Number of protein chains: 2
Amino acid sequence: MAALVKIGVLILIAAAVCQGYQDIYDFDGKKLQDTDYVSLWPLPQKVQSSATAFKLSSVNFQIIHAKGSSAGSSCSILQTAFRRYFDYIFGYKKKQNTKWEPKKTFGEAVTQLQVLITSTDSECDGFPDPKADESYELSVDQPAAMLKASKVWGALRGLETFSQLVYEDEYGSRNINKTEVSDFPRFAHRGILLDTSRHYVPLKVILANLDAMAWNKFNVFHWHIVDDNSFPYMSRTFPDLSQQGAYHPYTHVYTPSDVKMVIEFARMRGIRVIPEFDTPGHTQSWGKGQKDLLTPCYSGSTPNGNYGPVNPILNSTYEFMADFFKEVSTVFPDAYVHLGGDEVDFTCWKSNPDITKFMDDHAFGRDYSKLESYYIQRLLDIVSTTSKGYMIWQEVFDNGVKLKPDTLVHVWMNGASGFGEELARVTAAGFNTLLSAPWYLDWISYGQDWEKYYKAEPQDFKGTEQQKKLVIGGEACLWGEYVDATNLTPRLWPRASAVSERLWSDKSVRDVNDAYIRLNQHRCRMIERGIPAEPLFSGYCRHEYKGNL
Amino acid sequence: MAALVKIGVLILIAAAVCQGYQDIYDFDGKKLQDTDYVSLWPLPQKVQSSATAFKLSSVNFQIIHAKGSSAGSSCSILQTAFRRYFDYIFGYKKKQNTKWEPKKTFGEAVTQLQVLITSTDSECDGFPDPKADESYELSVDQPAAMLKASKVWGALRGLETFSQLVYEDEYGSRNINKTEVSDFPRFAHRGILLDTSRHYVPLKVILANLDAMAWNKFNVFHWHIVDDNSFPYMSRTFPDLSQQGAYHPYTHVYTPSDVKMVIEFARMRGIRVIPEFDTPGHTQSWGKGQKDLLTPCYSGSTPNGNYGPVNPILNSTYEFMADFFKEVSTVFPDAYVHLGGDEVDFTCWKSNPDITKFMDDHAFGRDYSKLESYYIQRLLDIVSTTSKGYMIWQEVFDNGVKLKPDTLVHVWMNGASGFGEELARVTAAGFNTLLSAPWYLDWISYGQDWEKYYKAEPQDFKGTEQQKKLVIGGEACLWGEYVDATNLTPRLWPRASAVSERLWSDKSVRDVNDAYIRLNQHRCRMIERGIPAEPLFSGYCRHEYKGNL
């Protein structure tokens, strides 16, 4: 092994390139060394640690409900989390997970992690919601560590942090240093968009990535479930939608049971599932199983057999949407549904004489964005009756559609000077907003593009403090044109992790060199937990990925 | 499922986007339909097929040695290939592999594929060499199909083609149409470079990719085995090289037994293994286990603890190289070894006063490329004594080093007007050359970059016919900075397949639309055989990847 040398962070990265990250503890004088939080990701709001190390033994270590906790052993969210984190800490298959070893002096053992839920309503049996309290306090000491949170959601985040503090020494013992953590997310909405229409993504791939989301403290799975290409969502009300519109009606669909499983798996990890049913564009696949839903396109005076966006001039359209979203609102428990509304192509509408007549009748002139707004407005009114809130892509706002005050406007386009102008406009109008423009992870490029994602700052726009507060978070989007089960997971991780720290940690956490070191550790940890997170750069993990290849 | 419609190739691709490739046989008037070779990749030199379909039954189908063949059941290359291809044809786990179904009329069964090796020396027990005869003739008829080849290498290629002709009909029966194939490679050297230094690549990942290489008729594995970052090659003569220079001396090395296994696994598939031991640059990892091998760098008049390229002024360097390459020449049976010689950084040499003195003594002035050439010249002389041929990166040629006539110059840099000028220079000097410049697959970008690789034409430079013939092939390079076991395989396939067709098929095979259709089928076939080849674009495979995620 390489001799120990004292080096600074910049040289350190060069060393990591040559020798792998194992040498990253071989220097001093840096806060990373002193605080020993080299392996934490995303970085908590406040960490104080000391060189006093305690041992953990799989024989006597327990994660238990603290006396006085409002949650007990009937709280399945915590019970299954205890099991999960016990496994992460001690390894599924006696895997060694030595990665780094902070300074330490001899200490006693930690035999318990006590988890105390302080609120009378632990929310054990609930779903995480937009206002879920994810804050927690973690105090690692002997003989017992204490994790305090108001709700189970904070406890889940604290368990992850606790597991990240555990390290293996050179003799295989699990150690944890005396540490105090006080933590909460900077933004309430921290999401990942996966697209299951351009390619079908098998259930187990979705579940595996929900696990990885939890390790990164993401709390929203934005499920872009259908689109032009295929309609894998199996609707009870309109079974023909997937029967005709999926790539295959049996092998390439999500059954009601699949959807339930995704939602429950996510709930156990404090993750909301927000489905997106994007209309009126992006709906080619809907048309296969629902007659007259799409606009017939014309060549001259005759229909040419092609179809455009949802047909906005038929009452049957709105009747369908009412029934469809009624189902959606019961299948998906989240308070929000994403209604899309992006990239509506007017070509087909322009070709259709019935549409033209409708435009005339409504005095829309030739402004098809008015027709688009007409459709969306009626759709929003329909969805409002289901008592769901809605998210929409920015075009809906840009086109002047009247939105409920609690609407969440999703900014995905970069203007000439970036995303700031749109954020300023949306927040000036008083709407909550969500940023995705800098985080289109499907747009791959050579090299360390995680840095670019890491540096993006959601509050970096001209606006009042009040406006800044309306940015409630962001989402990393992995659109599916070039992604399926073969490459989704390594393409998502650890690149999405860059976004997770930007959305969780304090605004001041921006040091790319520091982040590089921690993210390397974090990606090796993800590999040890079974996720093929791709490398940031040359180097190695002590225990490399052992997938089926 | 989508209704059958008659569409041309361009619309077809749009349809593939929306509906997946399963509809690609739903049109006519195109040669693809008529010839039914929609699933062949790379396209053989000559295919004639008919609508007459024969059945194949796993119960009575056999692949056997034809009467009069110079190879028999003692020929392990063919015996194991028969087993492998039987499995591909009938499925390991009763997998269905329906993907497309050509026109057919009722036919009889094919119960045998007879394999006839016509040359008296089948080369059963040999290694493929630079002049290996890979040509074959395949005649599919009932009751027996006949595969004729001069050597086993052609038989291997023909078995792959035979397996690609088999399709499953809608009832699960295996079918093959009456077909005549006459085939041979356009270029003799068709390689893949994998880099096991920037990241360690586990043995099973290398083996899996050798399988995929064979499916694509690649015949060279260029093993860039060591570099600055790590030295995973375990040398018997100098065990400290990997003991000190690998990322880890046990878990991140290739033992002599590993190397043997790679070579034998490759031999069974007609693939040469050419190791690259790149000097004098790219050798930081060598220095850890071999004292005085690298040049000490100076700050002013004192060594600063850093090291540069191999030290070219010490006799001990050449003694080491003689011993080292003697070992390499026995471990690796191929007729060639790649000696690197690229990207030598002169900074350290310039700083070293002993080097300066040596330059003066040899009247090199301050032209360090002369020193580089001095080193390479001595190295080449050393390697020549092992009776190996050598490959070198283009810089060695550019710097005017005197090369043996059988040297293979590897062109990797794009000049101002592409790679053509360098190819012209190298071939004008009478050297064989190998192209990699357009095929750096580690340089990823958004979208269908396989097209760019596909369109590159190795003989597209100004030169005589004689010069063109000196281009003996090319290699797709997947450098390892951003690649390890988590993402190597989907990043390599099917992008490298674009290069495989360029190097195997006739120069006239350039239609990107046709290629898109066949390559989609081919990538789904790779998935069915267990390789996570990533998607070209939106769509699906009937049987999606079912890896461990």
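Residues numbered from 1 in each chain as written. Chains lettered and ligands numbered in written order. Predicted model: local features only at pLDDT ≥ 70, side-chain atom pairs only at ≥ 80, totals over all residues. Heavy atoms only, no water.

**Details of the pairing of strand 16 (residues 432–435) of chain B**
Residues and elements named next belong to chain B. We count it as follows: Strands qualify as paired when DSSP identifies two bridges or more between them. Here a helix means four or more residues in a row that DSSP labels H or I, a strand means two or more in a row labelled E, and each is numbered from the N terminus.
Both strand 15 (residues 408–411) and strand 16 contribute to a ladder of four bridges, which runs parallel. If you follow His410 over to strand 16, its bridge partner there is Leu434. In this structure, strand 16 lies alongside strand 17 (residues 471–478), joined through three bridges in parallel fashion. Bridge assignment links Leu434 to a residue of strand 17, and that residue is Gly473.

**Focus: the confidence of the model for chain A**
Residues and elements named next belong to chain A. Convention followed: Residue-level confidence of the predictor, termed pLDDT, takes values from 0 up to 100. We call two residues in contact whenever any of their non-hydrogen atoms come within 4.5 Å of each other.
When pLDDT is averaged along chain A, the result is 91, and 90% of the positions lie at 70 or above. Residue range residues 1–35 is modelled with pLDDT below 50. Its contacts to residues more than four positions away, or to other chains, number 77 contacts. Every residue in residues 93–98 is under pLDDT 50, and counting partners more than four places away or in other chains gives 19 contacts. Overall fold confidence (pTM) sits at 0.90, and the ipTM for the predicted complex is 0.88.

**Quick word on the packing of helix 11 (residues 353–361) of chain B against helix 12 (residues 368–384) of chain B**
Two quantities define a packed helix pair, namely the angle between the axes and the distance from one axis to the other. Residues and elements named next belong to chain B. Rules: Axis lines are fitted through C-alpha atoms, for helices just across the contact stretch, and the angle between N-to-C directions can take any value from 0 to 180 degrees. By the definition adopted for this analysis, an angle is roughly parallel if under 35 degrees, roughly antiparallel if over 145, roughly perpendicular if from 65 to 115, and oblique otherwise. Side-chain classes are defined by residue name, with Ala, Val, Leu, Ile, Met, Phe, Trp, Tyr, Cys and Pro counting as nonpolar, Asp, Glu, Lys and Arg as charged, and the others, Gly among them, as polar.
Interhelical geometry of helix 11 versus helix 12 gives an angle of 85 degrees and a closest axis separation of 11 Å. Our classification of the angle between helix 11 and helix 12 gives roughly perpendicular. Of helix 12, the residues touching helix 11 (which contributes Ile355, Thr356, Phe358 and Met359) are Tyr368, Leu371 and Tyr374. Looking at the contact of helix 11 with helix 12 residue by residue, the classes come out as six nonpolar, one polar and no charged.

**Concerning the packing of aromatic side chains**
Residue and element names in this part refer to chain B. Here is the rule: Planes of paired rings set the category: under 30 degrees apart is stacked, over 60 is edge-to-face and the rest tilted, where pairs are Phe, Tyr or Trp rings (Trp by its six-membered ring) whose centres lie within 6.5 Å. The cut-offs for exposure are 20% and 50% of the maximum accessible area for each residue type, with area from a 1.4 Å probe on protein chains only; residues under the lower value are buried, those over the upper are exposed, and the others partly exposed.
Taken as a whole, this structure holds 83 aromatic pairs over all chains when the rule is applied. A centroid spacing of 5.5 Å and a plane angle of 25 degrees characterise the contact between Phe221 and Trp223, whose relative ring orientation is stacked. For Phe221, a relative accessible area of 0% corresponds to the buried category. A residue is classified by how much of its surface remains accessible, and Trp223, at 0% relative accessible area, is buried. Ring geometry for Trp393 and Trp479: centres 5.9 Å apart, planes at 45 degrees, overall tilted. One end of the pair, Trp393, is in strand 14 (residues 389–393); the other, Trp479, is in the loop between strand 17 and helix 17 (488–492), with 86 residues separating them in the sequence.

**Observations concerning the interface of chain A and chain B**
Counted only if it meets this: Here, a salt bridge means any side-chain nitrogen of Lys or Arg that lies within 4 Å of a carboxyl oxygen of Asp or Glu. Distance and chemistry together define a polar contact, namely a pair of N or O atoms within 3.5 Å, with one atom able to donate a hydrogen and the other to accept it when in protein, and with adjacent residues in sequence counting only for side-chain atoms on both sides.
Contact with chain A, which involves 57 residues of that partner, is made by 58 residues of chain B. Counting across the chain A and chain B interface gives four salt bridges. Residue Arg491 of chain B is joined to Glu534 of chain A by a salt bridge in which the shortest nitrogen-to-oxygen separation is 3.2 Å. Joining chain A to chain B, the criterion identifies 24 residue pairs in polar contact (both at pLDDT 80 or more). When grouped by side-chain class, the residues that make up the side of chain A that touches chain B number 26 nonpolar, 20 polar and eleven charged.

**Description of the packing of helix 5 (residues 203–215) of chain A against helix 7 (residues 256–267) of chain A**
Residues and elements named next belong to chain A. Axis separation between helix 5 and helix 7 bottoms out at 10 Å; the angle between their running directions is 10 degrees. Classed by the angle they form, the pair helix 5 and helix 7 counts as roughly parallel. Contacts from Leu203, Ile206, Leu207, Leu210 and Asp211 in helix 5 reach Asp258, Met261, Val262, Phe265 and Ala266 in helix 7. Here the contact of helix 5 with helix 7 is composed, by residue class, of eight nonpolar, no polar and two charged.

**Points about the pairing of strand 2 (residues 62–65) of chain A**
Along any regular strand, the residues point their side chains to alternate faces of the sheet. Residues and elements named next belong to chain A. Judged by which residues are buried, strand 2 turns out to be one-sided: Ile63 and His65 face inward and are buried, whereas Gln62 and Ile64, on the alternate face, are not. Bridge count between strand 2 and strand 3 (residues 112–117): four bridges; the pairing is parallel. The partner of Ile63 across the bridge, within strand 3, is Leu113.

**Looking at the relation of the copies chain A and chain B**
Each of the two copies of the chain can be brought onto the other by a rotation about an axis and a shift along it. Applicable threshold: Least-squares fitting of one copy onto the other uses the C-alpha atoms of those residues that reach a pLDDT of at least 70 in both copies.
With an RMSD of 0.0 Å, the operation that places chain A on chain B is a rotation of 180 degrees combined with a shift of 0.0 Å along the axis. Such a turn and shift between the copies fits a two-fold axis. Among all C-alpha atoms of chain A, that of Ser445 of chain A lies closest to the rotation axis, at 2.3 Å. Here 100% of the interface residues in chain A have copies in chain B that are interface residues too; the copies meet face to matching face.

**Some points on the pattern of salt bridges**
Residue and element names in this part refer to chain B. Using the criterion set out here, one finds 50 salt bridges over all chains in the structure. In this structure, Glu134 engages Arg190 in a salt bridge whose closest nitrogen and oxygen atoms are separated by 2.9 Å. Here Arg190 lies in strand 8 (residues 189–195) and Glu134 lies in the loop between strand 3 (112–117) and strand 4 (136–140), a separation of 56 residues in the sequence. Both residues of the pair, Glu134 and Arg190, belong to the buried class. With a shortest N-O distance of 3.7 Å, Arg198 and Glu481 are connected by a salt bridge. With Arg198 in the loop between strand 8 and helix 5 (203–215) and Glu481 in the loop between strand 17 and helix 17, the pair connects residues that are 283 residues apart, well separated along the chain. By relative accessible area, which is 16% here, Glu481 ends up buried.

**Some words on the side chain of Ser373 of chain B**
Residue and element names in this part refer to chain B. With respect to the helices and strands, the residue Ser373 is situated in helix 12. For Ser373, a relative accessible area of 12% corresponds to the buried category. The residues touching Ser373, leaving out its near neighbours within four places in the chain, are Asn399 and Val401.

**Things to note about helix 4 (residues 152–165) of chain A**
Our working rule: Residue count minus one, scaled by 1.5 Å, sets the expected span of a helix.
Over its 14 residues, helix 4 of chain A extends 20 Å from the first C-alpha to the last, a length consistent with the 20 Å expected when each residue adds 1.5 Å. When you tally the buried positions in helix 4 of chain A, you get 14 out of 14 residues, the bulk of the element.

**Observations concerning the environment of Ile382 of chain B**
Note that Ile382 of chain B resides in helix 12. As for Ile382 of chain B and Leu441 of chain B, which are separated by 59 residues in sequence, their C-alpha atoms are 33 Å apart.

**What about the state of the cysteines?**
Disulfide: a covalent bond formed between the sulfur atoms of two cysteine residues. Residues and elements named next belong to chain A. This is how the line gets drawn: Disulfide assignment relies on a single distance test, namely cysteine sulfur atoms paired within 2.5 Å.
Summed over all chains, the structure comprises six disulfides over all chains. With its sulfur 2.1 Å from that of its partner, Cys297 forms a disulfide with Cys348. Across the S-S bond linking Cys297 and Cys348, the dihedral sits near -110 degrees, which makes this disulfide left-handed. Taken together, the residues span a long stretch of sequence, with Cys297 in strand 11 (residues 294–299) and Cys348 in helix 10 (residues 347–351) at a distance of 51 residues. Overall, the relative accessible area of 9% leaves Cys297 in the buried class. The exposure class of Cys348 is buried, given its relative accessible area of 7%. Should the bonded cysteines of chain A be numbered as they appear in the sequence, the pairing reads 1-2, 3-4, 5-6.

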